[in-house]
Every structure is written in structure tokens, then in C-alpha cells.
Amino acid sequence: MEIYLPIAEMSVNWVFLIGLGLGVGFLSGLFGVGGGFLMTPLLVFYGIPSTVAVGTTLSHVAASSVSGAITQWRRRAIDFKMAGIMLSGGVAGTLIGVWLVDHLRRQGQMDLIVSLSYVLLLGAVGAIMLKESLDTLKAARGGIVAPSRAVARPWIMALPLKTRFRQSRLYISVIPPIVIGVFVGMLSAIMGIGGGFIVVPAMIYILRMPTNVVLGTSLAQIIAIAAITTVLQANTNYAVDILLAFFLVLGGVVGAQAGVRAGAKLRGEQLRFLLAMLVLLVAARLAWGLVATPADIYSTTLGAPD
Amino acid sequence: MRPLFLALLLFAAPALAAEDIVSGLSQDQIEINSSYTGADIVVFGTIERPAAPQGRDIVVVVRGPDTQLTVRRRDRIAGVWVNREAARFQGMPAFYFLAATRPLAQIAGPEVLDRYGLGLSHLAPATVITHHDPQPFREAALRQLRARGLYTEAPGSIDFHSEGLFKTVVPIPAAAARGQYNVEVYLFRDGNVVSVQSTPFFIDQTGLERRLYTLAHNSPTAYGFAAVLMALLFGWTASVWMRRMGS
């Protein structure tokens with residue numbers, strides 16, 4: 001059951017890897033997210049070097065997102081113009097991120113920055129999602145209907161370089177989507193995430209896109225970013241382990257399909273509540289790792305001078 | 001003067017050709033394939049023309065390829081543990097294994113052990129780069145590498161099968177670096193090295209592992225695209241397959 005990974009240069013249990021892919025894939029199908037935020041920390045807990053974990057998780061994210069994207073594409077629920085403009089920012093962000101990873105690795109601060117980014121981001125997003133889902137659940141019980149879609153925020157309306165997004169029925173500046181793209185591209189390279197849990201809220205709350213195109217557009221953008229980041233990580237950090245990716249993807253695609261079916265049986269706000277709890281749990285576990293007194297304050301790395 | 005010296009040497013040769021060792025390895029190549037979980041190398045040898053066993057010792061050392069050890073120390077900053085101080089030790093072996101007939105201190109004096117780099121406490125890096133006292137970093141590195149099975153000092157682990165036939169088993173963990181390893185067998189007589197024999201062996205990837213590693217480093221763009229394509233193909237296949245199952 002042991003297999004030697006050529007890039008991570010370690011022996012691992014491949015049955016465990018398929019199981020991990022299956023489990024994370026199920027959750028990503030269930031919640032409609034890429035699952036990178038779970039996969040990267042789990043791989044690091046398992047002992048995969050964090051650079052390889054970050055570089056490899058994105059192929060799993062791409063694979064789990066493909067079937068969702070195909071479904072949305074059939075429904076014509078993808079705003080390709082929006083996805084393309086976000087992607088142009090995303091490529092720039094990814095380049096910055098990959099360079100940062102290289103730099104941090106040399107400084108020995110890679111693990112710290114990855115953990116810190118996770119704790120801050122997951123903590124914030126989890127808290128917002130929890131509050132929002134609780135409000136919706138309460139409102140539903142009280143019979144109050146939450147306002148569904150408001151007009152774009154005034155500061156966004158004031159920005160120049162406006163263009164029409166027909167599919168999203170929006171006429172806004174290209175600057176906010178590009179800025180969101182840069183931010184998500186950076187996170188994708190540093191944290192090994194597709195960024196769905198950032199992109200989706202950003203599309204709803206900042207860009208005010210209609211919810212029916214949000215999922216498809218974010219999936220299309222995530223797949224593109226995951227693909228580009230994987231190629232860049234392979235070039236800059238030699239951090240993509242294709243054998244590791246193979247086992248994760250194998251379990252991941254099956255799990256994602258099962259997750260989508262299970263998700264259809266649950267209500268949206270219940271799903272968001274469960275996802276919020278999961279996100280907060282991961283954040284709390286990583287925060288504990290940062291503040292708990294380590295068993296050994298020294299760490300030794302072998303290798304050629306960076 | 002010179003012919004006389006040579007004649008003397010020839011004459012004295014049979015008397016000088018005292019004890020010697022001949023050693024060998026169970027294999028000269030360890031191949032990392034997909035089922036690799038580490039390996040055991042057996043070092044065996046014989047003592048030729050053995051003299052009295054008292055005062056005779058054998059030390060077997062296995063050294064991996066030279067590498068740099070980076071040791072970092074964490075410190076608490078605003079409640080968070082952060083890597084702060086570091087020390088780099090260059091020219092240290094990536095793997096070190098030592099077996100001996102007795103504890104090293106009983107075999108030879110510290111100068112001899114230092115000269116041949118025998119024993120973890122006599123292992124000296126070529127250069128040390130740090131702004132701090134390197135000693136605690138060095139101790140931490142040795143402790144951690146021992147725990148990972150990369151550095152081992154095992155006195156008393158040489159088995160004698162007969163008066164002159166010995167062997168020792170060297171466990172190589174899966175995490176040991178690839179490259180050239182040197183096995184040195186030292187014969188000591190009364191605290192001095194009288195004979196050394198050095199034999200290399202290699203650890204390298206083979207088959208699929210090697211092809212993937214080479215591809216990843218030689219054509220990283222193609223390799224990256226292959227990873228993406230595999231992921232997309234798997235995702236697409238699963239979705240087509242599930243739709244067929246569903247309908």
C-alpha cells in the first residue's frame with residue numbers, strides 16, 4: 001500500500017491518499033467549493049512538504065471543479081467576460097504569489113505564512129458565513145424575507161473603465177474584478193486554494209452579480225487559475241507531484257460527484273452553516289499550531305543551499 | 001641509498017604485511033522504485049592474517065552525499081512561534097552511520113577520531129554560517145537527524161561469525177538522499193588505523209519515479225500541463241460517467 005512519491009521524495013500510503021481525495025472531494029461537491037482550503041492543511045499534517053502540498057492541491061481543485069463547471073456551462077450560467085477579466089488579474093496575482101513562495105521558502109518562513117494566511121482568511125470568511133447563515137435561518141423561521149439583490153455599491157459605480165457584462169446584467173468598472181483576481185491569484189499560489197470561498201462572496205457582495213451566474217463564473221475562473229498556477233509552480237518551485245495528484249484526483253472526482261448529489265438534498269442556508277463550521281474548525285486547528293508551544297523549537301532541513 | 005632502501009623494504013615485506021581487511025557490500029546500487037520504503041545494506045568483511053584479537057577494533061562508517069544542514073530556532077513573537085535564528089552547516093553528510101566493535105572512546109583517542117571524522121561528536125562541517133553560537137544548533141541537528149534515522153552511531157553492532165569474518169547491517173530509511181554513498185571499513189590496532197577500505201554504492205531513482213523526476217526538472221512546462229490535463233480529463237470523465245449512471 002506504500003508508494004514512493006518522486007517529487008515529495010517520500011514514501012506514502014496510496015490508499016490513504018485516495019481516501020483523502022474522496023473525502024475532500026465529497027465536501028467540495030457538497031458545498032460547491034474547490035476544497036483546497038482543506039486539502040493543503042491535511043497534506044501538510046500528513047507530512048508532505050508544504051511547498052509540494054500547495055503546488056499539488058490545485059490539480060485536485062481543478063478536477064473537482066470541472067464537472068460543476070460543465071453543468072453550469074450547459075445552463076449557460078457562466079459569464080465568460082467576467083471570468084476572463086478576473087483571470088487577467090489572476091495571472092498577475094499568481095506570478096506575484098509564486099515568486100513570494102520561492103522567496104519565503106529560502107527565508108524559512110513558508111510554513112508560518114501559509115498557516116497565518118489560513119488562520120486569518122478562514123477565520124474571517126468562516127465568521128462572516130456563520131453570521132450570515134444564522135441570520136438567514138432565523139429570518140426564515142420568522143417569516144422575514146432577506147433582501148435578495150441590491151444595486152452596486154456607490155464607490156464601485158464611481159470607478160472609471162466601465163464595461164457591460166451582459167450575462168451578469170451589470171455595467172461596472174473592470175477595476176474591481178481585476179483587483180479581486182490579483183488577490184485570489186496570489187492566495188492560490190501561496191495557499192494552494194482555488195479561492196472559491198473568496199470569489200463567490202466577492203461576486204455577490206462586492207460586484208453584486210446575480211446568484212445564478214456566480215457559481216458557474218467562479219468555477220470557470222477557479223479552473224483557469226488552478227491550471228495556470230500548477231504550470232507556474234511546476235516551473236518555479238518544481239513543487240507539483242504528479243503521482244500525488246493522480247491519487248488525490250482519482251478519489252476527488254468520485255467524491256465530488258457523490259457530494260453534489262448529497263448537496264441537492266440539503267437547503268442552501270443549512271449548507272452554508274455547515275461549511276462555516278468546517279472552515280472555522282480548520283482555522284482553529286491551524287491557529288492552535290501557531291500558538292501552542294512546539295515539542296522542539298529547533299528544526300533541521302537538509303538540502304542544497306537555496 | 002635508494003636501492004638499499006627498496007631491498008630492505010622487500011625483505012621486510014612479509015613481516016610488515018600483518019593484519020589487513022577485505023570488505024564488500026550486499027549491493028552496490030539501491031534503486032528507488034514506486035514501492036521503495038528504504039533498504040538494508042549489509043557490509044561484510046574478513047580480517048586477513050589475523051593477529052591477537054586484543055587491541056584490534058573494526059569501525060564501519062557509511063557516509064551519504066555532502067549537503068547543507070539548515071537549523072532554525074523558533075521564538076515566540078506576539079504569541080506566535082516564528083522561525084528566527086538560523087545556522088547553516090555546509091559539507092555535512094546527508095546520511096551517517098557508524099558501527100564499531102566497542103564504544104569509540106575505548107578504540108582511539110579524540111585526535112584520531114577527529115582526523116577520520118569517526119562518531120557524531122567528531123563530525124565537523126566544512127563551514128558554519130551563523131550569527132549565533134552554533135553549538136546548540138549543532139546539537140539539535142544531530143538529535144533530530146538521529147531521530148529520523150539519518151544519523152546513527154551504533155557501537156557493538158558488528159557481528160563476528162568466526163575469528164576473522166564480520167558483518168554489520170546498515171538500515172537506510174526512505175528519506176535518505178539520492179547520490180553516492182561511501183562505506184569505509186577501518187581496522188584499528190592499539191588505537192591506530194592500520195588499514196582502511198572504501199567502497200561506494202549509489203542510491204538513485206529508477207523506472208517511473210526517475211522518468212517523472214527527470215521530466216519535472218527538464219521540461220517543467222510540459223510536466224505542469226500534463227498534471228493539469230490529467231486533472232481536467234479525470235474531472236470530465238467522472239462527470240460524463242455520472243450523467244450516464246444517472247439517466
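> Could you give me a rundown of the overall build of chain B, with the residues and numbers involved?
A tally of regular secondary structure across chain B gives six helices and 13 strands. Taking 2.2 N^0.38 as the reference for a compact globule, 247 residues should give roughly 18 Å; the C-alpha atoms of chain B span a radius of gyration of 25 Å, well beyond that estimate. C-alpha atoms of chain B, sized along the principal axes, occupy 95 × 50 × 40 Å. Looking at the 247 residues of chain B, the share that counts as buried comes to 42%. Once local pairs closer than 6 in sequence are excluded, the contacts in chain B between residues at least 24 apart make up 71%. Split by element, the accessible area of chain B, about 12,700 Å² in all, is 58% carbon and sulfur. Distance between charge centroids for chain B: 11 Å, based on 23 positive and 21 negative side chains.

> Give a detailed account of the pattern of salt bridges, specifying residues and quantitative values.
Within this structure, the stated rule accounts for 13 salt bridges over all chains. One salt bridge in this structure joins B:Arg102 and B:Asp57, with 2.7 Å as the shortest N-O distance. Pair noted here: B:Arg102 is in the loop between strand S7 (96-100) and helix H2 (104-107) and B:Asp57 is in strand S4 (residues 56-63), with a separation of 45 residues, a long-range link. Residue class for B:Asp57 comes out buried when judged on its relative accessible area of 3%. If you follow the salt bridges from partner to partner, you end up with A:Asp102, A:Arg105 and A:Arg106 in one network.

> Can you tell me about the side chain of A:Thr300, naming the residues and giving the values?
Mapped onto the elements, A:Thr300 comes out in strand S5 (residues 298-303). Within the structure, the side chain of A:Thr300 is placed 2.6 Å from the side chain of B:Gln144, a separation counted as a polar contact. Once residues within four sequence positions are removed from consideration, A:Thr300 is found in contact with B:Leu69, B:Thr70, B:Val71, B:Ala140, B:Ala141, B:Gln144, B:Leu145 and B:Arg148.

> Describe the interface of chain A and chain B, listing the residues and the values that go with them.
Between chain A and chain B, the contact holds 53 residues from the first and 59 residues from the second. Roughly 5,000 Å² of surface becomes buried between chain A and chain B when both sides are summed, with 62% attributable to carbon and sulfur atoms. The interface formed by chain A and chain B includes two salt bridges. Across the contact surface, chain A and chain B share 23 residue pairs in polar contact (both at pLDDT 80 or more). Looking at the side of chain A that touches chain B element by element, the count peaks at nine residues for helix H10 (residues 242-263) of chain A. Looking at the side of chain A that touches chain B residue by residue, the class counts come to 32 nonpolar, 14 polar and seven charged. As paired strands, S5(A) and strand S5 (residues 66-77) of chain B are joined by six bridges and run antiparallel to one another. Of the residues in S5(B), the one forming a bridge with A:Ser299 is B:Arg72.

> I'd like to hear about the sheet that holds strand S3 (residues 38-48) of chain B, residue by residue, with values.
Residues and elements named next belong to chain B. Spatially, the four strands line up as an open sheet ordered S1-S3-S11-S10, and their pairing is antiparallel. Strand pairing shows two members of the sheet lacking a second neighbour, strand S1 (20-25) and strand S10 (159-160), which therefore form its edges. Across two bridges, the pairing between S10 and strand S11 (residues 165-173) is antiparallel. Counterpart to Phe160 in the pairing with S11 is Phe166.

> Tell me about the confidence of the model for chain A, residues and numbers included.
Close reading of the predicted structure is inappropriate where its pLDDT is low. Residue-level pLDDT values for chain A average 85, and 95% of them are 70 or greater. Across chain A, helix H1 (residues 14-31) of chain A holds the top mean pLDDT of 91, while helix H6 (residues 154-157) of chain A sits lowest at 71.

> Before we move on, could you go through the pairing of strand S1 (residues 2-5) of chain A and cite the residues and values that matter?
Residues and elements named next belong to chain A. Where S1 and strand S2 (residues 10-13) come together, four bridges link them in antiparallel fashion. Among the inter-strand pairings, Tyr4 is bridged to a residue of S2, identified as Ser11. Following S1, the chain reverses through four residues before pairing antiparallel with S2; Glu9 in that reversal takes a positive phi of roughly 50 degrees.

> Can you explain helix H5 (residues 207-218) of chain B? Please cite residues and give values.
Residue and element names in this part refer to chain B. Counted at 1.5 Å a residue, the expected span for H5 with its 12 residues is 16 Å, and the 16 Å between its end C-alpha atoms agrees. What H5 keeps buried is the set Glu209, Leu212 and Ala216. Down the axis of H5, the smallest arc covering the buried residues is 70 degrees, so these residues share one side. In this structure, H5 carries Arg211 and Asn218 as exposed residues pointing more than 90 degrees from its buried face.

> A description of helix H2 (residues 36-46) of chain A should follow, citing residues and the corresponding values.
Where H2(A) is concerned, the buried positions are A:Gly36, A:Phe37, A:Leu38, A:Met39, A:Thr40, A:Pro41 and A:Leu43. Count one or two residues on from H2(A) and you reach A:Gly47, which has phi positive near 115 degrees.

> Before we move on, can you summarise the packing of H1(A) against H2(A) with the specific residues and values?
All names here are of chain A. Between H1 and H2, the least distance of the axes is 10 Å, while the angle of their chain directions is 155 degrees. What the angle tells us is that H1 and H2 run roughly antiparallel. As for the relative orientation of H1 and H2, their crossing is right-handed in sense. Taken together, the residues of H2 that come into contact with H1 (itself represented by Phe16, Leu17, Leu20, Gly21, Val24 and Leu27) are Leu38, Met39, Leu42, Leu43 and Tyr46.

> Got a sec to walk through the sheet that holds strand S8 (residues 127-130) of chain B? Specific residues and values, please.
Strand order across the open sheet formed by four strands is S5(A)-S5(B)-S6(B)-S8(B), with antiparallel pairing between neighbours. At either margin of the open sheet sits one strand with a lone partner, and together these are S5 of chain A together with S8 of chain B. Strand-to-strand twist in this sheet, taken as the mean axis angle between neighbours without regard to direction, amounts to 20 degrees.

> Before we move on, could you go through the nonpolar core and cite the residues and values that matter?
Residue and element names in this part refer to chain A. In terms of nonpolar packing, the biggest core is built from 77 residues, with Phe37, Leu43 and Ile48 touching the most fellow members. It is helix H5 (residues 110-142) that contributes the most residues to this core, 10 residues altogether. Other than its neighbours up to four places away in sequence, Phe37 contacts Tyr118, Leu122, Ile193, Phe197, Leu275, Leu278, Val279 and Val282.

> Could you give an account of the packing of H2(A) against helix H11 (residues 268-291) of chain A, with specific residues and numbers?
All names here are of chain A. Contact geometry of H2 with H11 gives a least axis separation of 11 Å together with a crossing angle of 35 degrees. Crossing of H2 against H11: the hand is left-handed. Judged by residue contacts, Phe37, Leu38, Pro41 and Phe45 of H2 engage Leu275, Leu278, Val279, Val282, Arg285 and Leu286 from H11. Considered class by class, the residues forming the contact of H2 with H11 number nine nonpolar, no polar and one charged.

Each value, and the rule that gives it
- Residues numbered from 1 in each chain as written.
- Chains lettered and ligands numbered in written order.
- Predicted model: local features only at pLDDT ≥ 70, side-chain atom pairs only at ≥ 80, totals over all residues.
- Heavy atoms only, no water.
- Helix = DSSP H or I, 4+ residues; strand = E, 2+ residues; numbered from the N terminus.
- Rg over C-alpha atoms; globule rule 2.2 N^0.38 Å.
- Buried < 20%, exposed > 50% of the residue type's maximum accessible area, 1.4 Å probe, protein only.
- Contact = heavy atoms within 4.5 Å.
- Areas by Shrake-Rupley, 256 points an atom, 1.4 Å probe, with all protein chains shown as cover.
- Lys, Arg positive; Asp, Glu negative; His and termini not counted.
- Charge placed at Lys NZ, Arg CZ, Asp CG, Glu CD.
- Salt bridge = Lys/Arg side-chain N within 4 Å of Asp/Glu carboxyl O.
- Polar contact = N/O pair within 3.5 Å; in protein donor to acceptor, adjacent residues only side chain to side chain.
- Buried area = accessible area lost by both parts, 1.4 Å probe.
- Nonpolar A, V, L, I, M, F, W, Y, C, P; charged D, E, K, R; others polar.
- Pairing = 2+ DSSP bridges.
- pLDDT = per-residue confidence, 0-100.
- Expected span 1.5 Å × (residues − 1).
- Arc of directions from axis to C-beta.
- Axes fitted to C-alpha atoms, helices over the stretch in contact; angles between N-to-C directions.
- Parallel < 35°, antiparallel > 145°, perpendicular 65-115°, else oblique.
- Left-handed = near helix turned anticlockwise from the far one by under 90°.
- Core = buried A, V, L, I, M, F, W, Y, C linked by side-chain atoms within 4.5 Å.

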